[in-house]
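Letter by letter, the chains look like this.
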Amino acid sequence: MIINLSNIATPIAKILDSVLCGSELTEQDATALLQCDGKELKAVMDVAHSLRLKTNGKTTSYVVTRNINFTNVCYMACRFCNYGKAKDDASAELLSLNEIVARASQAHQRGATEVCIQGGLHPDISPYFYRDIVQAIKNELPELHIHAFSPFEIYYGARKSRTSYVDFLADLKQAGLGSVPGTAAEILDTQVRQRLTKNKLSTQAWLEIIEAAHQVGLASTATMMYGHVDSAHHWADHMVRIRELQKRTGGFTEFVPLGFIHYDSPLYLESTDVRPGPTRREHMAIHAVARILFHGHIDNIQASWVKLGPQLAMESQAYGVNDLGGTLMNESISRAAGALYGQEVTADEMQKMIRSAGYLPRQRTTLYGDAASINEACPDKPLEQRSPWQQQQIPVWEVA
Ligand SMILES: C[S@@+](CC[C@H](N)C(=O)[O-])C[C@H]1O[C@@H](n2cnc3c(N)ncnc32)[C@H](O)[C@@H]1O
Ligand SMILES: Nc1c(NC[C@H](O)[C@H](O)[C@H](O)CO)[nH]c(=O)[nH]c1=O
Ligand SMILES: N[C@@H](Cc1ccc(O)cc1)C(=O)O
Ligand code: SF4
């Protein structure tokens, strides 16, 4: 791939040239790249694409998974979130263990290799409920990977049970937890967090909990929610903090930028200085700069179709993204904030999205292993040759 840096602004050309020569992107240079537009942004995206081709070739992966959000009751009331509800709200719900296992089992029948479990911080749940969920699913479905509990839920459980993060996480791992979602990161900056959430988990605590997870052998993802009261230097700082932790632990599997969904978010509705989610330019710059900044450290940059929509997620494969995340089956959190793109992208649709942009689909496991042997979702196969779950098209809405 030939990248012409001769017709772009000199400072940006210099940064990109040093990246192409193998230098690590500094925080200051990342801030500059994140502000690019026009032909400079195009050059940033081209460099990101060249690094993606080097690392992942033309393969784009996805995971067949189901979201199980077991309670929307949450005492925290983060300003950006419209999912968390008070205990006495008419829409308050807390799923029983039986219901959680039933949903996991139905997902498994539909070909899921993973369940992604997260919930609100319900004031009445026992800290052992987290372990009970893992055990109950593993008893029935030992091979299903459980990707569960954000660092904030880990914080809550560890505090309530008066155990250390390491002990709490080691106990969950022993019960069968497979990995941890790196949500609750939002923007790792004290002032921005103050605006978003009042006093939800500090930057330091998020980093400590993720480090503890990696220490006990649980891999995690890393996320960043952008497009509200933040700016380029926050994004650069956030990504550098994650890269520094990765250098110590190697425990991050992927980085997932999550665009802020503003429509029904109290943060947006109640303040005049909050942006209405990211612009298209910001989506492009963040995914591209993430690829460049994490090069050599985190190999997978995931686009969230829930936040970006399928069209932009598909296009993002040309500027650094090599993973389209999960099929999800259910999606409640972004939908509560007014997200427009539905609850599920089937494995067939994932494959079409990837192929139609000229890339090669790969169904992966949560930890980026090959799920090809369990992937019978090939759209080229006649229906009768596909697995039973593919033929049945079991509707997930019945229990949702
Ligand atoms: C809803 S929480 C569930 C787990 C747990 N309650 C927590 O906060 O860590 C998971 C993540 O959803 C994301 N989220 C919530 N509301 C959002 C919104 N309006 N736009 C984009 N992402 C949102 C945030 O990044 C948040 O950390
Ligand atoms: N669960 C949600 C995801 N992502 C799930 C992941 O793609 C998957 O579980 C992970 O990649 C494991 O490696 N993304 C969203 O934007 N919203 C979700 O609810
Ligand atoms: N993509 C995250 C999980 C996630 C869950 C809910 C969201 O709203 C966003 C992201 C992960 O796999 O770690
Ligand atoms: S983001 Fe999580 S902690 Fe915050 S209100 Fe929503 S569910 Fe609760």
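Rules used in this analysis
- Per chain, residues are indexed from 1 in the order of the written sequence.
- For naming, the first written chain is A and the first written ligand is 1, with later ones following in the order written.
- Thresholds applied to this predicted model are a pLDDT of at least 70 for local features of residues and 80 or more for the giving and counting of side-chain atom pairs; totals over whole chains, interfaces and linings are not thresholded and use all residues.
- Based on all heavy atoms of the structure, the side-chain values leave hydrogens and waters out of the count.
- Segments assigned H or I by DSSP are reported as helices when at least four residues long, segments assigned E as strands when at least two residues long, and all are numbered from the N terminus.
- A helix's residues, less one, multiplied by 1.5 Å, set its expected span.
- We call a residue near a molecule or strand when any one of its heavy atoms sits within 4 Å of it.
- Any N or O atom pair separated by 3.5 Å or less is treated as a polar contact, with the protein-specific requirement of one donor-capable and one acceptor-capable atom, and with residues adjacent in sequence counted only for side-chain atom pairs.
- Note that accessible areas follow from Shrake-Rupley with a 1.4 Å probe, and for residues the cover is restricted to the protein chains shown.
- UniProt positions are given in the numbering used here, feature names are shortened, and annotations may be inferred rather than shown by experiment.
- Note on exposure labels: buried denotes an accessible area under 20% of the residue type's maximum, exposed denotes more than 50%, and partly exposed covers the range between, all computed with a 1.4 Å probe on protein chains only.
- In this analysis, two residues are considered to be in contact whenever any of their non-hydrogen atoms come within 4.5 Å of each other.
- Salt bridges are counted wherever a side-chain nitrogen of Lys or Arg sits within 4 Å of a carboxyl oxygen of Asp or Glu.
- Three classes are used: nonpolar for Ala, Val, Leu, Ile, Met, Phe, Trp, Tyr, Cys and Pro, charged for Asp, Glu, Lys and Arg, and polar for all others, with Gly counted as polar.
- Each patch groups residues whose relative accessible area exceeds 30% and which form no salt bridge, using 9 Å between like charges and 5 Å between nonpolar side chains of Val, Leu, Ile, Met, Phe, Trp and Tyr.
- Aromatic rings from Phe, Tyr and Trp, taking only the six-membered ring of Trp, are treated as a pair when their centres fall within 6.5 Å; an angle between ring planes under 30 degrees marks them as stacked, one over 60 as edge-to-face, and anything in between as tilted.

**Observations concerning helix H12 (residues 280–294)**
For H12, built from 15 residues, the straight-helix expectation of 21 Å at 1.5 Å per residue is met to within 8% by its first-to-last C-alpha distance of 21 Å. Downstream of H12 by one or two residues, Gly296 has phi in the positive range, about 90 degrees.

**So, the site of ligand 3**
With respect to spatial proximity, the complete set of residues near ligand 3 consists of Gln118, His147, Pro181, Gly182, Thr183, Thr221, Glu254, Leu258, Gln302, Lys307 and Ile333. At a separation of 2.4 Å, an oxygen atom of ligand 3 approaches a polar side-chain atom of Thr221. Protein burial of ligand 3: of its 340 Å² of free accessible surface, 84% is covered by the chains.

**Overview of the UniProt feature "binding site: [4Fe-4S] cluster" (unreviewed entry) in the chain**
The positions that UniProt labels "binding site: [4Fe-4S] cluster" (unreviewed entry) are, in the present scheme, Cys74, Cys78 and Cys81. In this fold, Cys78 is placed in the loop between strand E2 (65–69) and helix H4 (97–109). For Cys78, a relative accessible area of 10% gives the class buried. What Cys78 contacts, discounting residues up to four positions off in sequence, is Leu196, Thr197 and Lys200. Summarising the element assignment, Cys81 is placed in the loop between E2 and H4.

**With respect to the pattern of salt bridges**
Per the stated rule, a full pass over the model turns up 19 salt bridges. In this structure, Asp124 engages Lys87 in a salt bridge whose closest nitrogen and oxygen atoms are separated by 2.9 Å. Highlighted residues: Asp124 in the loop between strand E3 (114–118) and helix H5 (129–140) and Lys87 in the loop between E2 and H4, separated in sequence by 37 residues. Note that Glu315 is salt-bridged to Arg280, the shortest N-O span being 2.7 Å. Taken together, the residues Glu315 in helix H14 (residues 310–315) and Arg280 in helix H12 connect sequence positions 35 residues apart. A relative accessible area of 26% places Glu315 in the partly exposed class.

**Details of unusual backbone geometry**
In this structure, Arg162 takes a positive phi of about 55 degrees despite not being glycine. For Arg162, the position within the fold is in the loop between helix H6 (151–161) and helix H7 (165–175). The class for Arg162 is exposed, based on a relative accessible area of 78%. Its identity is not glycine, yet Lys198 carries a phi of approximately 60 degrees, on the positive side. Note on placement: Lys198 falls in the loop between helix H8 (190–197) and helix H9 (203–215).

**Brief notes about helix H16 (residues 347–356)**
Among the residues making up H16, those that are buried are Ala347, Asp348, Met350, Gln351, Met353 and Ile354. Phi for Gly358, located one or two positions after H16, is positive at around 95 degrees.

**A word on the site of ligand 2**
As a structural note, the neighbourhood of ligand 2 is formed by 16 residues, with Asn67, Glu114, Glu254, Ser304 and Arg364 the closest of them. Residue Glu114 places a side-chain N or O atom 2.4 Å away from an oxygen atom belonging to ligand 2. Here Gln302 contributes a side-chain N or O atom positioned 2.8 Å from an oxygen atom of ligand 2. The fraction of the free accessible surface of ligand 2 (440 Å²) that becomes covered by protein chains is 91%. Counted by class, the shell around ligand 2 contains 5 nonpolar, 7 polar and 4 charged residues.

**A few points about the UniProt feature "binding site: S-adenosyl-L-methionine" (unreviewed entry) in the chain**
Per the UniProt record, "binding site: S-adenosyl-L-methionine" (unreviewed entry) is found at Phe80 and Glu186. Taken along the chain, the residues just named run across 107 residues; in space they keep tight, none of their C-alpha pairs more than 9.9 Å apart. Here Phe80 is to be found in the loop between E2 and H4. The buried category is assigned to Phe80, whose relative accessible area is 11%. As for its position among the elements, Glu186 is in the loop between strand E5 (179–180) and H8. The buried category is assigned to Glu186, whose relative accessible area is 8%.

**Some words on a nonpolar patch on the surface**
Residues Tyr263, Leu340 and Tyr341 make up a contiguous nonpolar surface patch of roughly 310 Å² in combined accessible area. For Tyr341, the position within the fold is in the loop between helix H15 (333–336) and H16.

**A look at the environment of Ala371**
Structurally, Ala371 is set in the loop between strand E9 (360–363) and helix H17 (388–392). With relative accessibility at 0%, the residue Ala371 sits in the buried group. The spatial distance from the C-alpha of Ala371 to the C-alpha of Thr203 is 34 Å, given a sequence separation of 168 residues. Contacts of Ala371, omitting those with residues within four sequence positions, involve Gln363, Arg364 and Thr365.

**Quick look at the packing of aromatic side chains**
Evaluated as defined, the whole model comprises 10 aromatic pairs. For the ring pair Phe70 and Phe149, a centre distance of 6.5 Å and an interplane angle of 85 degrees mean the geometry is edge-to-face. Of the two residues, Phe70 is situated in the loop between E2 and H4 and Phe149 in the loop between strand E4 (145–148) and H6; the sequence distance between them amounts to 79 residues. The exposure class assigned to Phe70 is buried, which follows from its relative accessible area of 0%. Grouped by ring-pair contacts, the aromatic residues Phe70, Phe129, Tyr130, Phe149 and Phe168 constitute a single cluster.

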